[in-house]
Amino acid sequence: MRDFYGTTSEGGANEDGTVFKITPSGTLTTLYGFCSQNRCTDGYYPLAALVRANNGDFYGTSFRGGVSGLGTIFKITPSRLRKK
């Protein structure tokens, strides 16, 4: 069985949403907490489900934050536990 990945629109260290992984046995791991960068340039309040690319990376959108404050498109690489 495979792990499941998703987002929360709130919660995490900054209460601005997370990207998480949960195993079939129920082990929950937070991969990323939003609004961790100055002025929330990484975004916050993830908006929709994640989309998985052929290389295994996930892409998603956030409702707020980013350079203009109007949201972001983000990429998370679960194997490296980092967001770009």
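Coordinates for the structure precede this section.
Each value, and the rule that gives it
- Residues numbered from 1 in each chain as written.
- Predicted model: local features only at pLDDT ≥ 70, side-chain atom pairs only at ≥ 80, totals over all residues.
- Heavy atoms only, no water.
- Disulfide = S-S within 2.5 Å.
- Buried < 20%, exposed > 50% of the residue type's maximum accessible area, 1.4 Å probe, protein only.
- Patch = residues over 30% accessible without salt bridge, like charges linked within 9 Å, V, L, I, M, F, W, Y side chains within 5 Å.
- Areas by Shrake-Rupley, 256 points an atom, 1.4 Å probe, with all protein chains shown as cover.
- Salt bridge = Lys/Arg side-chain N within 4 Å of Asp/Glu carboxyl O.
- Helix = DSSP H or I, 4+ residues; strand = E, 2+ residues; numbered from the N terminus.
- Polar contact = N/O pair within 3.5 Å; in protein donor to acceptor, adjacent residues only side chain to side chain.
- Phe/Tyr/Trp six-rings, centres within 6.5 Å; stacked < 30°, edge-to-face > 60°.

Scanning all chains against the criterion turns up one disulfide. A sulfur-sulfur distance of 1.7 Å marks the disulfide that ties Cys 35 to Cys 40. In this structure, Cys 35 and Cys 40 share a single accessibility class: buried.

Next up on the list: a nonpolar patch on the surface. Residues Tyr 45, Leu 47 and Phe 63 make up a contiguous nonpolar surface patch of about 290 Å² in total accessible area. Among the secondary structure elements, Tyr 45 is positioned in strand 4 (residues 44-46). Of the residues examined, Tyr 45 reaches a relative accessible area of 30% and is grouped as partly exposed.

As a further point, take the side chain of Thr 77. Checked against the element boundaries, Thr 77 lands in strand 7 (residues 72-77). Exposure remark for Thr 77: the relative accessible area of 4% places this residue in the buried category. One polar contact links Thr 77 to Asp 57, side chain to side chain, over a distance of 3.3 Å.

To continue, consider the packing of aromatic side chains. By the definition in use, this model includes four aromatic pairs. Each ring, one from Tyr 5 and one from Phe 58, has its centre 4.5 Å from the other, and the planes form 40 degrees; the classification is tilted. Of this pair, Tyr 5 sits in strand 1 (residues 4-8) while Phe 58 sits in strand 6 (residues 58-64), and the two are 53 residues apart along the sequence. Here Tyr 5 falls in the partly exposed class, since its relative accessible area comes to 23%. For the pair Tyr 32 and Phe 34, a centre-to-centre distance of 5.4 Å together with 80 degrees between the ring planes defines the contact as edge-to-face. Pair check on accessibility: Tyr 32 and Phe 34 agree, each one buried. Taken together through their ring pairs, the aromatic side chains of Tyr 32, Phe 34 and Phe 74 make up a single cluster.

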